[in-house]
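Given next are the chains, with one letter for each unit.
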Amino acid sequence: MEIREAAVVGLGTMGAGIAEVLARSGMQVTAIEVDEAALARGMANLDRSLARAAARGKLTEQERAQIRGRVRPAASFAAASGADLAVEVVPERMEIKQQIFAQLDQACRADAILATNTSSLSVTAIAARTLRPGRVVGLHFFNPAPVMRLVEVVTTVLTAQGTGAAVTDLARRLGKTPVRVSDRAGFVANALLLPFLNHAVALLESGYATREDIETAATIGIGLPMGPLALLDLIGLDTALSILQVLHGEFGASRYVPAPLLRRLTDAGQTGRKSGRGFYDYARQAAPSASPVIIQNEISAAAPAAITLIDAGGDSFGEFASAVAAAGVGITRDPADPSDLVVVAAAADRGVLAAAIETGRPADAVGLHWAGDKLAELVTTPLSGPAAVALAAELGLEVVRCPDRPGFLAGALLCPHLNDAVRMVQDGYASAADIDTAMTLGCGYPRGPMRMLDQIGPAAALRVLTQMHARYGDPGFAPVPLLAEYAAAGLGFCS
């Protein structure tokens, strides 16, 4: 079936964006909102988006006018009678979506395809309540729809042969990159992203790390475009909570249990940017940047003149020693020699405490682990005295503080996230390539999770996860068997 004419029901930010995307491809689009005021707001959103594109030189005035002329506003479902495809973009509540589909059933031709833009609800449950379950799919765009390239095309056990292919072909015509999956809560992107964000909230709530250190570990250490807490504020804490509840209802795993702090902030109405306050107070401070921002740590002491450097298996020991020497800081390898500080060059899968005790100066010892090229994780043990943040500043490193626990901070955030991605491959739900496509194009990752995993090494991730599982007893940290198999075989997921 060739899709030439479409209808979009619901003209919020996402609905107006989808209508724009369809009209840009040359299709005739009927934009439906039964409330006249909402219809006017939606069309105003569309006009503003097109005007911005024209002002930036992305569209000529003639192109802007042509695109706008293809969108016909309507306040009745009957206006969708000629559509080959109708896309529902209403709030994430099953009863609302099922009501919309019942009305589209009556208004649209029998051969028309009905699509839902749901990000987490069951497409099967929506389809089963229609008169045409074989012609119902999920068509999950990402916000802002005119910019984001990913579209998740979701088919169900009821979807007729050819329906998914027709919608996938349409996504390509729209200039998008489709990832085709079966109906499962969260699909690819949200099923991977939300547990990662939720884990960051749990680390903050438990006092494991500060808000600023968590954000820095994610952006500078892992290389993500935005810190997890700032991203939750952007998504909306209530929206994130709702998706996690759907994920937990389907899978039941501990990774999907919403952190209590996330629920409390939502109950208090502090849902992020849209309410003015979430993990950040937007009335008192500028919104966190969408780009990595180096957070300057307070330095309360002069850099040490000499340190005792202990190799505890860190991958960057030689590089670190060279950087220390270049900064003019004296180095000794003998703990008995006089020095201002003992620094244990640590590995994320090995603790610092044992090496610190072996020096005979555990109160003077801290761990230092490089996460990426620019981030130093300053690891304190229960015996550590005041930590020398000034040393890392002298070396030009950004510093985060964390306890002496498996993965430290960046690894503790990242490795369970990568484990979730491997589980998705193991379950046969998505390929490594599709997972990386979904997270790079849908979530703005510079590298997909599977490529990240290959770079740090499946064996290294396995060791961190094994230790996290042993330390906390949380089954969500248990390495999936496929990860252990790839580690033993020395294989990468992207090669």
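These numbers were taken from a predicted model, which means no experiment stands behind them.

Caption draft 1: Quick look at the sheet that holds strand E13 (residues 375-380). Within the open sheet, the six strands sit side by side as E10-E9-E11-E12-E13-E14. Their pairing is mixed. In the strand order of this sheet, the two ends are held by strand E10 (330-332) and strand E14 (398-403), each with one partner. Shown here is a sheet whose adjacent strand axes are inclined to one another by a mean of 35°, direction ignored. Direction of pairing for strand E11 (residues 341-345) relative to strand E12 (residues 365-371): parallel, over a ladder of four bridges.

Caption draft 2: Representation of the state of the cysteines in the model. By the definition in use, this model includes zero disulfides. No disulfide involves cysteine 402; its nearest neighbouring cysteine sulfur is the one of cysteine 415, lying 13 Å away. No disulfide involves cysteine 494; its sulfur sits 16 Å from the nearest other cysteine sulfur, which is in cysteine 415. The exposure class assigned to cysteine 494 is partly exposed, which follows from its relative accessible area of 30%.

Caption draft 3: View of the pattern of salt bridges. Summed over the entire model, instances satisfying the criterion amount to 19 salt bridges. Note that aspartate 349 and arginine 463 form a salt bridge whose closest N and O atoms lie 2.2 Å from each other. Taken together, the positions of aspartate 349 in the loop between E11 and helix H13 (353-358) and arginine 463 in helix H18 (residues 458-472) put the pair 114 residues apart, joining distant regions of the chain. For arginine 463, a relative accessible area of 41% corresponds to the partly exposed category. Each of Asp84, Arg109 and Asp111 takes part in a single network of salt bridges with overlapping partners.

Caption draft 4: Expanded view of the sheet that holds strand E8 (residues 177-182). Taken in spatial order, the eight strands make up an open sheet running E3-E2-E1-E4-E5-E6-E7-E8, and their pairing is mixed. Two strands lie at the open edges of the sheet, namely strand E3 (71-74) and E8, each paired on one side alone. In this sheet, adjacent strand axes meet at a mean angle of 25° when their direction is disregarded. One ladder, built from six bridges, connects strand E7 (residues 150-155) with E8; its direction is parallel. Bridging across to E8, leucine 150 finds its partner in threonine 177.

Caption draft 5: Expanded view of a positive patch on the surface. Together, Arg48, Arg52, Arg56 and Lys58 make up a region of like positive charge exposed at the surface. Looking at the element boundaries, arginine 52 is found in helix H2 (residues 36-55).

Caption draft 6: Molecular detail of helix H17 (residues 449-456). By the burial criterion, the buried members of H17 are Pro449, Met450, Met452 and Leu453. Seen along its axis, H17 keeps its buried residues to an arc of 155°; they face one direction. Packed against the buried residues of H17 are helix H8 (211-222), helix H15 (410-426), helix H16 (432-443), H18 and helix H19 (481-489). Looking one or two residues past H17, glycine 457 carries a phi angle of roughly 95°, positive in sign.

Caption draft 7: How the structure looks around unusual backbone geometry. Proline 144 follows asparagine 143 through a cis peptide bond whose omega is 0°. Along the chain, proline 144 falls in the loop between strand E6 (136-141) and E7. Its identity is not glycine, yet phenylalanine 187 carries a phi of approximately 55°, on the positive side. Examined against the element boundaries, phenylalanine 187 turns out to sit in the loop between E8 and helix H7 (189-205). Its identity is not glycine, yet phenylalanine 408 carries a phi of approximately 55°, on the positive side. Its place among the elements puts phenylalanine 408 in the loop between E14 and H15.

Caption draft 8: Focus on the pairing of strand E5 (residues 113-116). Taking every second residue as pointing to the same face, both faces of E5 are buried, with Ile113 and Ala115 on one and Leu114 and Thr116 on the other. The pairing of strand E4 (residues 85-88) with E5 spans four bridges and is parallel. Bridge pairing in E5 links leucine 85 to isoleucine 113. Judged from the three bridges that link them, E5 and E6 form a sheet pairing that is parallel. Note on E6: the bridge partner recorded for alanine 115 is valine 137. Handedness of the E5-helix H5 (residues 123-128)-E6 crossover: right-handed.

Caption draft 9: Quick peek at the nonpolar core. Membership of the largest hydrophobic core comes to 116 residues, with the highest contact counts inside it found for Val188, Leu193, Phe279, Leu409 and Leu413. With 10 residues, the top contributor of residues to this core is H7. Setting aside residues up to four positions removed in sequence, leucine 413 forms contacts with Phe196, His199, Ala200, Leu203, Ile214, Ala217 and Ile222. By size, the runner-up hydrophobic cluster in this structure holds 37 residues, among which are Leu11, Met14, Leu39 and Ala171.

Caption draft 10: Examining the side chain of aspartate 233 more closely. Relative to the assigned elements, aspartate 233 resides in helix H9 (residues 228-235). Arginine 273 provides the closest opposite charge to the buried, salt-bridge-free aspartate 233, at an N-O distance of 6.4 Å. Separated by 3.0 Å, the side chain of aspartate 233 and the backbone nitrogen of tyrosine 280 make a polar contact. Apart from the residues lying within four places of it in its own chain, the contact partners of aspartate 233 are Thr271, Gly272, Arg273, Gly278, Phe279, Tyr280 and Tyr282.

Conventions adopted
- Residues numbered from 1 in each chain as written.
- Predicted model: local features only at pLDDT ≥ 70, side-chain atom pairs only at ≥ 80, totals over all residues.
- Heavy atoms only, no water.
- Pairing = 2+ DSSP bridges.
- Helix = DSSP H or I, 4+ residues; strand = E, 2+ residues; numbered from the N terminus.
- Axes fitted to C-alpha atoms, helices over the stretch in contact; angles between N-to-C directions.
- Disulfide = S-S within 2.5 Å.
- Buried < 20%, exposed > 50% of the residue type's maximum accessible area, 1.4 Å probe, protein only.
- Salt bridge = Lys/Arg side-chain N within 4 Å of Asp/Glu carboxyl O.
- Patch = residues over 30% accessible without salt bridge, like charges linked within 9 Å, V, L, I, M, F, W, Y side chains within 5 Å.
- Areas by Shrake-Rupley, 256 points an atom, 1.4 Å probe, with all protein chains shown as cover.
- Lys, Arg positive; Asp, Glu negative; His and termini not counted.
- Charge placed at Lys NZ, Arg CZ, Asp CG, Glu CD.
- Arc of directions from axis to C-beta.
- Contact = heavy atoms within 4.5 Å.
- Right-handed = clockwise from strand over helix to strand, strands pointing away.
- Core = buried A, V, L, I, M, F, W, Y, C linked by side-chain atoms within 4.5 Å.
- Polar contact = N/O pair within 3.5 Å; in protein donor to acceptor, adjacent residues only side chain to side chain.

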